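Chain residues, written in single-letter form:
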Amino acid sequence: MDVEPTKPLSLLDRGDERLTLKAGRILDIADPDFQAFIDELIRCGRENLGVGIAAPQVGKSLRLFIMASQPNTRYPDAPAMEPTAVINPEILRISEEKETGWEGCLSVPGFRAKVPRHLEIDVAFTDRHGQNRTERFNGFMARLFQHEFDHLEGILYPERLDKGEALITLEEFTAQTGIVVPR
Ligand code: NI
């Protein structure tokens, strides 16, 4: 695997074609290079105040994302959890009911938009220890999972907006919500 753990990861911005690729399944989870990459991806997400980050966002077309919800200045209302590596995920069931909520993305810096997502989802994935897990997520966590899963399919949230909704700048976001975010 072409991973250099000592080299800091850099985020790709919207417009980079690598963000539009369907990512490939991970076959050898125990590979030390892959395990090191997981740690690098967790660090990259934390340094950039992300609540989630997906491998394609740093140019690795792999079915891996990190869920690392923590209240921070970008997402003051996010629930706290340990960073979790989600490998080869599947969405098993989606609720018909959707909820619209604000999203941002490290690959779309400087913007937010209201995005509709399924309110509840049942999912399966493999964790970094090779254990198969199934989980039910609601609300913010369901939104986070769907956003990150989309990265593995080459989809960014601006493609998910309802008709009439648009990206707004962080200045407009602050004016509308009273929430001040750094990026
Ligand atoms: Ni994103």
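Quick notes on the rules
- Residues numbered from 1 in each chain as written.
- Predicted model: local features only at pLDDT ≥ 70, side-chain atom pairs only at ≥ 80, totals over all residues.
- Heavy atoms only, no water.
- Donors = N, O, S within 2.8 Å, 3.2 Å for Na, K, Ca; no water.
- Helix = DSSP H or I, 4+ residues; strand = E, 2+ residues; numbered from the N terminus.
- Buried < 20%, exposed > 50% of the residue type's maximum accessible area, 1.4 Å probe, protein only.
- 1 Å grid on protein atoms, 1.4 Å probe; cavity = no way out; pocket = protein on both sides within 12 Å on 5 of 7 lines; lining within 4 Å.
- Points joined across faces, edges and corners; volume = space filled by probe spheres on them.

Ligation of the nickel ion by protein atoms is provided by C105 (SG), H147 (NE2) and H151 (NE2), these donors lying 2.1 to 2.3 Å from the ion. As a motif over one chain, the donors of the nickel ion read C-x41-H-x3-H. One end of the pair, C105, is in the loop between strand 4 (98–103) and strand 5 (111–118); the other, H147, is in helix 2 (residues 139–152), and 42 residues separate them in sequence. In this structure C105 comes out as buried when scored by relative accessible area, which is 5%.

Further remarks concern empty space enclosed by the protein. Scanning the model with the defined rule gives one cavity of 30 Å³ or more in all. Looking at the largest cavity, its volume works out to about 170 Å³. In terms of lining, the largest cavity is formed by 17 residues, of which the most central are V51, Y75, G104, L144 and H147. Elements supplying a minimum of two residues to the lining of the largest cavity: strand 4 and helix 2. Top contributing element to the lining of the largest cavity by residue count: helix 2, with six residues.

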